[in-house]
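Summary of the model geometry
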Amino acid sequence: MSRPRLVATDLDGTLLDDEGGLSERTQDVLRRVQEIGVRVVIVTARPLRWMDELWATVGGGRGVGIVSNGAITYDVGSREVLDLHGIPAEVGLPMVEAIREAAPGTAIALECLGGYRHEPAYVDLHPTPPDMRVADLEGLWDEPAVKVLAQHLTLDPDDFRARVVDAVGETATPTWTIDHLMEISAAGVTKGGALAALCERLGVTPEEVVAFGDMPNDLAMLSWAGTSYAVANGHESVLAAADHVAPRNSEDGVAVTLAGLFGL
């Protein structure tokens, strides 16, 4: 393999350790990779609001990042949204009705550029932002949702996933990273699609990209990249699909692999 021009990596479970931190070793390797002229692009399911403290650590406060499973492409240096693909209420509300018919008791949250909001029945699994809104869904959906979160805490996770995928159909793009929660993006929106669009803008071909991931929402990105790695702690479907397996996230797997690829 010739030396890649761009590194694309997921965060949680891939680049970050099990406590959600970034080791000094990984920070050092990322810095050195960028010093030799290779772009590092973070491609994460995390919302934009979770990234403020991480941009400086993982990208030196510059470059471009992809968040919300590909719904937003973001210029880190200028703090500017370059691309946004969301689900408007006129599409999302009927979709949610179909999900509730298939899985009664599903609760919904919306991740929007203007903030996070959810129905009263939705149970927050992370600390809530101070500007969070809680209300009926019709009142909350006043701008496109870059990610719709569908939650069911009692159904078997595999059963819930199957019901949501069937109910959504071609209306949107469902994926998941944790049990009991489906993450739904606009139709056609994936990490891989957003990365492909960014690379076309930058003049970078798939063969010049090496990508790292751990969960099914990374599959589109890994299949598009010329060279793909699943970290050893990844989901079985990702381990089966990737070209190579890197050490675990807790063993600085991305950094170890990059150091070898670039002779650092």
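Use the structure listed above.
Residues numbered from 1 in each chain as written. Predicted model: local features only at pLDDT ≥ 70, side-chain atom pairs only at ≥ 80, totals over all residues. Heavy atoms only, no water.

Ranked by size, the top nonpolar core spans 57 residues in total, and within it Val7, Leu110, Trp141, Val148, Ile184 and Leu258 carry the most contacts. Excluding residues within four positions of it along the chain, valine 148 makes contact with Ile87, Met95, Ile108, Ala109, Leu110, Trp141, Met182, Glu183 and Ile184. Residues Cys199, Ala211, Met221 and Ala225 belong to the second largest nonpolar core, which totals 19 residues. (Core = buried A, V, L, I, M, F, W, Y, C linked by side-chain atoms within 4.5 Å. Buried < 20%, exposed > 50% of the residue type's maximum accessible area, 1.4 Å probe, protein only. Contact = heavy atoms within 4.5 Å.)

Inspection of every chain in the model, using the stated rule, returns 17 salt bridges. Aspartate 142 is paired through a salt bridge with arginine 133; the nearest N and O atoms lie 3.2 Å apart. Under the relative-accessibility criterion, arginine 133 is labelled partly exposed at 31%. Residues arginine 161 and aspartate 158 are paired through a salt bridge, measuring 2.4 Å at the closest nitrogen-oxygen approach. On the criterion of helical spacing, the pair formed by arginine 161 and aspartate 158 is a turn pair, its members being three residues apart in helix 6 (residues 157–168). Classification of arginine 161 by relative accessible area gives buried; the value is 11%. When salt bridges that share partners are traced, they join Asp28, Arg31, Arg32 and Glu35 into one network. (Salt bridge = Lys/Arg side-chain N within 4 Å of Asp/Glu carboxyl O. Helix = DSSP H or I, 4+ residues; strand = E, 2+ residues; numbered from the N terminus.)

Turning our eyes to something else, we now look at the side chain of threonine 9. Its location among the elements puts threonine 9 in strand 1 (residues 6–9). Its relative accessible area of 0% is what places threonine 9 among the buried residues.

This part covers the packing of helix 4 (residues 89–102) against helix 6. Following both chains from N to C, one finds helix 4 and helix 6 inclined at 140°, their axes separated by 9 Å at the closest point. Judged by the inter-axis angle, helix 4 sits oblique to helix 6. The crossing of helix 4 and helix 6 is right-handed. Every residue of helix 6 that contacts helix 4 at Met95, Ala98, Ile99 and Ala102 is listed here: Arg163, Val164, Ala167 and Val168. (Axes fitted to C-alpha atoms, helices over the stretch in contact; angles between N-to-C directions. Parallel < 35°, antiparallel > 145°, perpendicular 65-115°, else oblique. Left-handed = near helix turned anticlockwise from the far one by under 90°.)

Further remarks concern the sheet that holds strand 2 (residues 39–42). Backbone hydrogen bonds are what pair the strands of a sheet, in a parallel or an antiparallel way. As summarised here, the arrangement of the five strands in space is 2-1-12-13-14, forming an open sheet in which the pairing is parallel. Bordering the open sheet on either side are strand 2 and strand 14 (244–246), each of which pairs with just one other strand. Strand-to-strand twist of the sheet, defined as the mean angle between neighbouring strand axes without regard to direction, takes the value 25°. By the bridge criterion, four bridges tie strand 1 to strand 12 (residues 209–213) in an arrangement that is parallel. (Pairing = 2+ DSSP bridges.)

Following the criterion strictly, the structure yields two aromatic pairs and no others. On the numbers, 5.8 Å between centres and 20° between planes, the contact of tryptophan 55 with tyrosine 74 is stacked. Placement of tryptophan 55 in helix 3 (residues 52–59) and of tyrosine 74 in strand 4 (residues 72–75) is noted, with a sequence separation of 19 residues between them. Judged by centre distance (5.1 Å) and plane angle (15°), the ring pair of phenylalanine 212 and tyrosine 229 falls under stacked. Note that phenylalanine 212 is positioned in strand 12 and tyrosine 229 in strand 13 (residues 227–231), a separation of 17 residues in sequence. The pair formed by phenylalanine 212 and tyrosine 229 is uniform in burial state, with each residue classed as buried. (Phe/Tyr/Trp six-rings, centres within 6.5 Å; stacked < 30°, edge-to-face > 60°.)

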